[in-house]
Amino acid sequence: MRKPIIAGNWKMNLSLEHGFGLASEIKWMVSDEVSSPIEIILIPPFTHLAGIQSLLKGSVVKLGAQNCHHEKSGAYTGEISAEILKSVGVTYVLVGHSERRIYQNESNALLAKKIDRVLENGLKPIYCFGETLEQREAGNEFEINLMQIQEGLFHLTNLQIQNVILAYEPVWAIGTGQTATAQQCQAMHKFVRNALSDKYGEEISNSISILYGGSMKPNNANELLSCEDIDGGLIGGASLESRAFLEIIKTIG
Ligand code: PGA
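Here is a short report on the structure shown in this document. Small disclaimer: the values here were computed from a predicted structure and weren't measured.

**As for the layout of surface pockets**
Regions of empty space are outlined by a rolling probe, equal in size to a water molecule, passed over the atoms. Looking at the largest pocket, its volume works out to about 410 Å³. Along the walls of the largest pocket sit 15 residues, with Lys 11, Met 12, Gln 66, Glu 99 and Arg 100 positioned nearest its centre. Of all the elements, helix α4 (residues 98-103) adds the most residues to the lining of the largest pocket, at three residues. Taken together, the residues that form the lining of the largest pocket break down as six nonpolar, six polar and three charged.

**So, the side chain of Glu 39**
Mapped onto the elements of the fold, Glu 39 is located in strand β2 (residues 39-43). Taking relative accessible area as the criterion, Glu 39 reaches 9% and is therefore assigned buried. A polar side-chain atom of Glu 39 sits 3.3 Å from a polar atom in the side chain of Lys 62. Residues contacting Glu 39, with those up to four places away along its chain left out, are Lys 3, Pro 4, Ile 5, Ile 6, Lys 62 and Tyr 92.

**Details of the pairing of strand β8 (residues 232-235)**
Neither face of β8 is open: one carries Gly 232 and Leu 234, the other Gly 233 and Ile 235, and all of them are buried. Bridge count between strand β1 (residues 5-9) and β8: four bridges; the pairing is parallel. Along β8, the bridge assignment pairs Ile 5 with Gly 232. Strand direction decides the pairing type here: strand β7 (residues 210-213) and β8, joined by two bridges, are parallel. In the strand pairing of β8, Gly 213 is matched with Leu 234. For the crossover from β7 across helix α11 (residues 218-225) to β8, the handedness is right-handed.

**What about helix α5 (residues 108-120)?**
Here α5 contains 13 residues, and its C-alpha end-to-end distance of 18 Å stays within 8% of the 18 Å for a straight helix at 1.5 Å per residue. Considered for burial, the residues of α5 that qualify are Asn 108, Leu 111, Ala 112, Lys 114, Ile 115, Arg 117, Val 118 and Leu 119. Contacts made by the buried residues of α5 are with α3 (82-87), β4 (92-95), α4, β5 (124-129), α7 (141-153) and α8 (158-161).

**Looking at the environment of Met 147**
Mapped onto the secondary structure, Met 147 falls in helix α7. Separated by 67 residues in the primary sequence, Met 147 and Gly 214 place their C-alpha atoms 20 Å from one another.

**Let's talk about the environment of Arg 2**
As for its position among the elements, Arg 2 is in the segment before β1. Linking Arg 2 and Asp 231, residues 229 residues apart in sequence, is a C-alpha distance of 7.1 Å. Ignoring any residue separated from it by four or fewer positions in sequence, one finds Arg 2 in contact with Arg 193, Asn 206, Ser 207, Ile 208, Ser 209, Glu 228, Asp 229 and Asp 231. Within the local environment of Arg 2, its side chain forms a polar contact with the backbone oxygen of Glu 228, the two atoms lying 3.3 Å apart. There is a polar contact of 2.8 Å between the side chain of Arg 2 and the side chain of Asp 231.

**What to know about the site of the ligand**
Around the ligand, a shell composed of 13 residues is seen, among which Lys 11, His 97, Glu 169, Gly 175 and Ser 215 lie nearest. Note that an oxygen atom of the ligand is positioned 2.7 Å from one of the side-chain N or O atoms of Lys 11. Glu 169 places a side-chain nitrogen or oxygen 2.8 Å from an oxygen atom of the ligand. In isolation the ligand offers 280 Å² of accessible surface; the protein chains occlude 96% of this area. Taken together, the residues of the shell around the ligand sort by class into four nonpolar, seven polar and two charged.

**Side note on the nonpolar core**
By size, the foremost hydrophobic cluster in this structure holds 65 residues, and its most contacted members are Leu 153, Leu 166, Tyr 212 and Ile 249. Top contributing element to this core by residue count: helix α9 (residues 182-200), with six residues. The residues contacting Ile 249, other than those within four sequence positions of it, are Ile 6, Val 30, Val 34, Ile 38 and Ile 40. Ile 5, Ile 43, Tyr 92 and Ile 165 belong to the second-largest nonpolar core, a separate cluster that totals twelve residues.

**Quick notes on the environment of Tyr 127**
Counting through the fold element by element, Tyr 127 comes out in strand β5. What makes Tyr 127 buried here is its relative accessible area of 0%. For the pair formed by Tyr 127 and Leu 94, sequence separation is 33 residues and the distance between their alpha carbons is 6.1 Å.

**Side note on the packing of aromatic side chains**
Per the counting criterion, the structure on display carries four aromatic pairs. Relative to Tyr 200, the ring of Phe 154 lies with its centre 5.7 Å away and its plane at 90 degrees, an arrangement referred to as edge-to-face. With Phe 154 in the loop between α7 and α8 and Tyr 200 in helix α9, the pair connects residues that are 46 residues apart, well separated along the chain. Across this residue pair, the class does not change: Phe 154 and Tyr 200 are buried. One aromatic cluster is present, formed by Phe 129, Tyr 168 and Tyr 212 through successive ring pairs. Lys 199 extends its terminal NZ or CZ atom over the ring of Tyr 200, reaching a point 5.8 Å from the ring centre.

Rules used in this analysis
- Residues numbered from 1 in each chain as written.
- Predicted model: local features only at pLDDT ≥ 70, side-chain atom pairs only at ≥ 80, totals over all residues.
- Heavy atoms only, no water.
- 1 Å grid on protein atoms, 1.4 Å probe; cavity = no way out; pocket = protein on both sides within 12 Å on 5 of 7 lines; lining within 4 Å.
- Points joined across faces, edges and corners; volume = space filled by probe spheres on them.
- Helix = DSSP H or I, 4+ residues; strand = E, 2+ residues; numbered from the N terminus.
- Nonpolar A, V, L, I, M, F, W, Y, C, P; charged D, E, K, R; others polar.
- Buried < 20%, exposed > 50% of the residue type's maximum accessible area, 1.4 Å probe, protein only.
- Polar contact = N/O pair within 3.5 Å; in protein donor to acceptor, adjacent residues only side chain to side chain.
- Contact = heavy atoms within 4.5 Å.
- Pairing = 2+ DSSP bridges.
- Right-handed = clockwise from strand over helix to strand, strands pointing away.
- Expected span 1.5 Å × (residues − 1).
- Near = heavy atom within 4 Å.
- Areas by Shrake-Rupley, 256 points an atom, 1.4 Å probe, with all protein chains shown as cover.
- Core = buried A, V, L, I, M, F, W, Y, C linked by side-chain atoms within 4.5 Å.
- Phe/Tyr/Trp six-rings, centres within 6.5 Å; stacked < 30°, edge-to-face > 60°.
- Lys NZ or Arg CZ within 6 Å of the ring centre and 35° of its normal.

Structural data, given as structure tokens:
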């Protein structure tokens, strides 16, 4: 059985003070209201990680980072390595969020290197993939997503792939209020699970979590999260408000 995962990606939002406030509200709400085994992850800006890590001590809530550099260390001013993230207590790292693919021109080949850095430090990558509206309208969404997964992940061994979490995030649904329908999501998640099965075998494929992200809110979470192959959510906007985030968590817990 795959443990459900709900991750909140804060993106470039919240001052340190507001970030600490939100993290501590979530920590206490989770301890009061959530008893089932769900992996809950907060993904704040880099500057907040160490402080939030201290604040989360003793909580089941885990910490993730929004990105890392593809090299191990060195003269890369302004960048953060997977090793540094590990040293502040991060467990998960987002790799290939569409906002980075688009605004930072991150390619699948570059993302494959980031995946390697994350894994070699014993951290878990959350690998994001998804098609744009134009790609979907042209009927290319399956092909595009398959390519993102093949080029980003299929160099991994059977052992390594089991430490990867995938997140399907159709670009047209992120921050737009336009959610993919549960049927569209389930079809894509099933397709990806089949591709993982062809490459790594059914048992491994069935053990890998595939999250959905893109305008998931308390009012649509239940429909999405009850699909067979949707194992959790990567939440942007609704993760900035503790009650909304908790309501999404409680949909599966
Ligand atoms: P959204 O963002 O929930 O605001 O659409 C999701 C994401 O980008 O991870």
